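Architecture at a glance
Here is what each chain is made of, one letter per residue.
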2 protein chains.
Amino acid sequence: MQTGAEPADLADVRATNLAVVLRHVRAHAPCSRADIAASTGLNKATVSSLVADLIDRRLLRETGLTENRIGRPATMLVLDGGPYAAIGIEVAADQLTVVAVDLGGTELLTWRRAFTGHGGTGTRAVSAIAALANRATGRLAAQGRAVLGLTVGVPGLVDGAGTVRTSPGLGWRDLPLGADLRRALREPSFEVVIDNDANLAALAEHRQGPYAGTANLVHLTAGAGIGAGVIADGRLLRGGRGFAGEIGHLCLDPRGPACPCGRRGCLEALAGVPALIRRVLPDATQDGPVTDFAPEVERVRARARQGDRMVLEALTETGRHLGHGLAALANLVNPEVVLLGGYFVTLAPWLLPAAEGELAARTVAPEAGGARLAASALGPGAAAVGGAARALAMVDAGRLPSAPLAG
Amino acid sequence: MQTGAEPADLADVRATNLAVVLRHVRAHAPCSRADIAASTGLNKATVSSLVADLIDRRLLRETGLTENRIGRPATMLVLDGGPYAAIGIEVAADQLTVVAVDLGGTELLTWRRAFTGHGGTGTRAVSAIAALANRATGRLAAQGRAVLGLTVGVPGLVDGAGTVRTSPGLGWRDLPLGADLRRALREPSFEVVIDNDANLAALAEHRQGPYAGTANLVHLTAGAGIGAGVIADGRLLRGGRGFAGEIGHLCLDPRGPACPCGRRGCLEALAGVPALIRRVLPDATQDGPVTDFAPEVERVRARARQGDRMVLEALTETGRHLGHGLAALANLVNPEVVLLGGYFVTLAPWLLPAAEGELAARTVAPEAGGARLAASALGPGAAAVGGAARALAMVDAGRLPSAPLAG
């Protein structure tokens, strides 16, 4: 990839300013045209023209409310966006989650279904994902909403063409998921994008919840594996081929336990959810590998709450390994906050103290370079939320839907 | 830090477009106004007005040459920038390097002087750096050039206020270098900026040489310690407090050798230049730690060229540890190229094969995620080159000097 100069022209300026107004209303609604002009530095005539355009596109609407203030009463504006929806699907080794939101960010639906990603060529997986997407688009169409985009999050390395290069947790290799899914959905009119699940979860954290807007944040996924989505200086860190944030096979100890990837002492082998379950609940794996993590994680949590010493020790050690792995991230990327996601969310009370201690001890900068650890407010399914948010982010960035729907 | 919306207005558009024209001429000079219009998409009247402005500021000049082509001959433009200069200083544990360049990127001077950074409170170091800066500005003033900025690169964690929070290699802690240096230079009219040395070296690699323009690149410094400067998606990766790129104390082996930082098995302890010298040249450290690395590295290189088996084995092992450390970077940041800098440059022929093998084996993505390893074209002093380039980058980004000098 090469970076270069791009000229600014007036069409760009208008698109940029439409997005500026839209973002302002998202953050400050209800607000008047005069408020927008005052806050953005745009002149009032320009704001009026931009607002008219956004109302035509049904992205804003007037509420008819007036502010209680001196002078003429002003018409207040709020986000509309009801006619538009975006869909996100998270593919995990044990379940599929679909989320749809409207342009205002209001959740329209959240469905989960059991899924066994592992095994097979991926053909069955494509059918299952397409069936779920069809059910969601059908429901949204019945509500009179147009779908702006579908984004699918996968735990693995996804290239720019939507091919999953490798997903150890799902057992996939070079699966052209984007192309296969578009075909299964009969070449839909909306955009279908495949991305890494941790990247999408990080976008969700950046957009909503307690750390929204934090310029440097990390979301750590915890399912069959461990992944990181990194927001650096307000933008998703992707790297040359889009493979950034691969933390699961960071080597913590060259003499550590064997990892299914063939290496030794990987973060996943030491601190992953399957490793924790194997250690704490040996009976769970008697009939082969665990394929549904949720009930087993719930058992671990119940025993921790009862004060089971062996379980508490295992959780402390898991936290210590996590802190060790996160120190590499803190040293290299210097985040302001790292959010433990997936199945780590419910285990966080027992993981965090040891993880914080190890992180601080192994980071060169004082106070872990300012990196705080916390449980994500998004649980499993965070990538579905982020997938839906991705299409909204495109709108915020200025790629506005052009034609309003017939109501 | 929070990210937010910024409105585009016409003054911004003009500043942006001035910078677009300037960057175009930098890349394609000599070129005509018509060439610029064709390549940038700006209309010809706008280009003429922008070029007139840049000629007034003495950033461009007409060469009087005409292109050999059909139609009217065109006046060709080249960068001027002769009246302006930028200065970079690299502070290493064993030497200071100062570089000055003009706006066209032509090197005006490069001086090195021996320096013992370690020991003391930093007061002597500030005097030595100020003396070197004064000599350089004096020389440039005598040539009729105005200094646009002075940037000082330091191996350590530098905060946004120009305070060196910690530099193990120099033995500094919470040294307000920026403020002290401005005082020692009697509050100069130009900007004085302190930054991490690896960051500046990465900016230099991004701007010039064989990998210029590569959107995702890493420069690895190797002096008293090891540091990384990371360009991600065309921008320097800084992180929340500006501490990103700290790779020297990445733990490769929790049971590895003790590191002066108090931890075990750090990359520096296993693959740093001082560790290599201690291992290969035990006589060099008989009278205490080595304070001038250059002659010792030259001795290591000479013995490697003679085929000394012990030295070759030590270099292979150093390369292997480097590859191990760089795999963490490749997994987390996914660079397209990693450039070995500092004293690694001359040792690269012996380090690279083992480093490449280890990097590929430990990176999850195939082919190390596309990351190539190579020796930097910049040796020790890269941060001085990058420091000078930083002020030029500000001009390219649209912060143009306003008043031309009296010739």
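One structure accompanies this document, and this report is about it. All of these numbers come straight from a predicted model, not from anything done at the bench.

Notes on the overall build of chain A
Helix and strand counts for chain A stand at 12 helices and 16 strands. A globule of 407 residues ought to have a C-alpha radius of gyration of about 22 Å, and chain A, at 23 Å, matches this closely. Along the first, second and third principal axes, the C-alpha atoms of chain A reach 70 × 50 × 50 Å. When each of the 407 residues of chain A is scored for burial, the buried share is 57%. Intrachain contacts of chain A at a sequence separation of at least 6 include 62% that bridge at least 24 residues. About 16400 Å² of surface is accessible on chain A, with carbon and sulfur atoms providing 50% of the total. Mean positive and mean negative side-chain charge positions of chain A (40 and 38 charges, respectively) differ by 2 Å.

Digging into the pattern of salt bridges
A complete count under the given rule lists 35 salt bridges over all chains for this structure. For A:Asp53, the salt bridge identified is with A:Arg57, shortest N-O distance 2.7 Å. Summarising the burial analysis for this pair, A:Asp53 and A:Arg57 share the class buried. A salt bridge links B:Arg309 to B:Glu313; the nearest nitrogen and oxygen atoms lie 3.9 Å apart. Of the two residues, B:Arg309 and B:Glu313 are both situated in helix α10 (residues 309-333); the distance of four residues between them amounts to about one turn of the helix. Relative accessible area serves as the criterion here: at 66%, B:Arg309 is assigned to the exposed category. Here the salt bridges do not stand alone but share partners, grouping A:Arg14, A:Asp53 and A:Arg57 into one network.

Notes on the sheet that holds strand β12 (residues 217-222) of chain B
The strands that make up a sheet pair up through hydrogen bonds in the backbone, lying either parallel or antiparallel. Residues and elements named next belong to chain B. Across the sheet, five strands lie side by side as β14-β13-β12-β15-β16; this open sheet has mixed pairing. Strand pairing shows two members of the sheet lacking a second neighbour, β14 (235-236) and β16 (372-375), which therefore form its edges. Of the strand pairs in this sheet, β12 and strand β13 (residues 226-232) are connected by six bridges, and their pairing is antiparallel. Counterpart to Leu220 in the pairing with β13 is Ala228.

Examining the sheet that holds strand β1 (residues 31-32) of chain B
Residues and elements named next belong to chain B. The three strands are arranged β1-β3-β2 in an open sheet whose pairing can be described as antiparallel. The sheet terminates laterally at β1 and β2 (60-62), the two strands that pair on one side only. For β1 and strand β3 (residues 76-79), the ladder comprises two bridges, and the chain directions are antiparallel. Residue Ser32 lies in a different strand from β3, and its bridge partner there is Met76. Lying over the sheet, helix α3 (residues 44-56) contacts β2 and β3, oriented at roughly 105° with respect to β2.

Topic: the relation of the copies chain B and chain A
The two copies are related by a screw operation: chain B maps onto chain A through 180° of rotation and 0.0 Å of translation along the axis, at an RMSD of 0.1 Å. Put plainly, the chains are arranged around a two-fold axis. Of the C-alpha atoms belonging to chain B, the one lying closest to the rotation axis is found on B:Asp253, 2.8 Å away. Looking at the interface residues of chain B, 100% of them are also at the interface in chain A, so both copies use one shared face.

Let's talk about the packing of aromatic side chains
Counted under the stated rule, the structure contains two aromatic pairs over all chains. For the ring pair B:Phe293 and B:Tyr343, a centre distance of 6.1 Å and an interplane angle of 70° mean the geometry is edge-to-face. Of this pair, B:Phe293 sits in helix α9 (residues 293-305) while B:Tyr343 sits in the loop between β15 (337-340) and α11 (344-362), and the two are 50 residues apart along the sequence. The ring centre of A:Trp111 lies 4.2 Å from the NZ or CZ of A:Arg135, which sits over that ring.

Considering the pairing of strand β4 (residues 84-91) of chain A
Along any regular strand, the residues point their side chains to alternate faces of the sheet. All names here are of chain A. Of all the eight residues making up β4, eight are buried; the element is thus mostly covered by neighbouring parts of the structure. Burial of the side chains of β4 extends over both faces: Tyr84, Ala86, Gly88 and Glu90 are buried on one face and Ala85, Ile87, Ile89 and Val91 on the other. Two strands pair when backbone bridges link them, and β4 and strand β7 (residues 146-154) are joined in this way by seven bridges, in the parallel orientation. Bridge pairing links Glu90 to Gly153 in β7.

Section: the pairing of strand β10 (residues 172-175) of chain B
Residues and elements named next belong to chain B. As paired strands, strand β9 (residues 164-167) and β10 are joined by three bridges and run antiparallel to one another. Bridge assignment links Ser167 to a residue of β10, and that residue is Trp172. As consecutive antiparallel partners, β9 and β10 are separated by four residues, and within that stretch Gly171 has a phi angle of approximately 70°, a positive value.

Details of the interface of chain B and chain A
Counting residues at the interface gives 63 residues for chain B, matched by 63 residues for chain A. Three residues, B:Arg235, B:Leu332 and B:Val364, lead the burial of chain B against chain A; their summed loss comes to 13% of the area buried on that side. Here chain B is connected to chain A by six salt bridges. Inspection of the chain B/chain A interface yields 24 residue pairs in polar contact (both at pLDDT 80 or more). For the side of chain B that touches chain A, the secondary structure elements donating two or more residues are α1 (10-28), α10 and α11 of chain B.

A closer look at the packing of α9(B) against α11(B)
Residue and element names in this part refer to chain B. The contact between α9 and α11 brings their axes to 10 Å, and the two run at 35°. Pair α9 / α11 crosses with left-handed handedness. Residues Val297, Val300, Arg301, Ala304 and Arg305 of α9 lie in contact with α11, whose contacting residues are Thr346, Leu347 and Trp350. Across the contact of α9 with α11, the residue classes break down as five nonpolar, one polar and two charged.

Some thoughts on helix α2 (residues 33-40) of chain A
For an α-helix, 3.6 residues make a turn, and residues three or four places apart therefore share a direction. Residues A:Asp35, A:Ile36, A:Ala37 and A:Thr40 constitute the buried set of α2(A). Backbone geometry just after α2(A) places A:Gly41 at a positive phi near 85°.

Digging into the nonpolar core
A general tendency of soluble globular proteins is for nonpolar side chains to be buried together. Core analysis: the largest hydrophobic core is formed by 100 residues, its most contacted members being A:Ile247, A:Leu322, B:Ile247 and B:Leu322. With sequence-adjacent residues up to four places away left out, A:Ile247 is seen in contact with A:Leu220, A:Ile226, A:Gly227, A:Ala228, A:Leu267, A:Gly325, A:Leu326, A:Leu329 and B:Leu332.

A few points about helix α11 (residues 344-362) of chain A
Residues and elements named next belong to chain A. In this model, α11 (19 residues) spans only 21 Å end to end at C-alpha, well below the 27 Å of a helix rising 1.5 Å per residue. Residue Trp350 marks the point of greatest curvature in α11, where the axis turns by about 60°; the proline Pro353 follows within four residues. Every buried residue belonging to α11 is among Phe344, Leu347, Ala348, Leu351, Leu352, Ala354, Ala355, Glu358, Leu359 and Arg362, and all of these are buried.

Observations regarding the side chain of A:Asp80
Take A:Asp80: it is sitting in the loop between β3 (76-79) and β4. The contact partners of A:Asp80, leaving out residues within four places of it in the chain, are A:Arg58, A:Leu59, A:Leu60, A:Arg61 and A:Gly104.

Focus: the environment of B:Arg113
Residue and element names in this part refer to chain B. With respect to the helices, strands and loops of the structure, Arg113 is situated in strand β6 (residues 107-114). Residues Arg113 and Leu347 lie 234 residues apart in sequence; the distance between their C-alpha atoms is 23 Å. When residues no more than four places from it in sequence are discounted, the contact partners of Arg113 are Gln95, Leu96, Ala128 and Leu132.

A few points about the environment of B:Ile277
All names here are of chain B. Structurally, the position occupied by Ile277 is in helix α8 (residues 273-280). Distance in space between the C-alpha atoms of Ile277 and Glu205 is 27 Å, their sequence separation being 72 residues. Excluding its chain neighbours within four sequence positions, the residues that come into contact with Ile277 are Pro282, Ala284, Val290, Phe293, Glu296 and Val297.

Basis of the calculations
- Residues numbered from 1 in each chain as written.
- Chains lettered and ligands numbered in written order.
- Predicted model: local features only at pLDDT ≥ 70, side-chain atom pairs only at ≥ 80, totals over all residues.
- Heavy atoms only, no water.
- Helix = DSSP H or I, 4+ residues; strand = E, 2+ residues; numbered from the N terminus.
- Rg over C-alpha atoms; globule rule 2.2 N^0.38 Å.
- Buried < 20%, exposed > 50% of the residue type's maximum accessible area, 1.4 Å probe, protein only.
- Contact = heavy atoms within 4.5 Å.
- Areas by Shrake-Rupley, 256 points an atom, 1.4 Å probe, with all protein chains shown as cover.
- Lys, Arg positive; Asp, Glu negative; His and termini not counted.
- Charge placed at Lys NZ, Arg CZ, Asp CG, Glu CD.
- Salt bridge = Lys/Arg side-chain N within 4 Å of Asp/Glu carboxyl O.
- Pairing = 2+ DSSP bridges.
- Axes fitted to C-alpha atoms, helices over the stretch in contact; angles between N-to-C directions.
- Least-squares fit on C-alpha atoms with pLDDT ≥ 70 in both.
- Phe/Tyr/Trp six-rings, centres within 6.5 Å; stacked < 30°, edge-to-face > 60°.
- Lys NZ or Arg CZ within 6 Å of the ring centre and 35° of its normal.
- Buried area = accessible area lost by both parts, 1.4 Å probe.
- Polar contact = N/O pair within 3.5 Å; in protein donor to acceptor, adjacent residues only side chain to side chain.
- Left-handed = near helix turned anticlockwise from the far one by under 90°.
- Nonpolar A, V, L, I, M, F, W, Y, C, P; charged D, E, K, R; others polar.
- Core = buried A, V, L, I, M, F, W, Y, C linked by side-chain atoms within 4.5 Å.
- Expected span 1.5 Å × (residues − 1).
- Bend = angle between axes of the 7 residues up to and from the residue.

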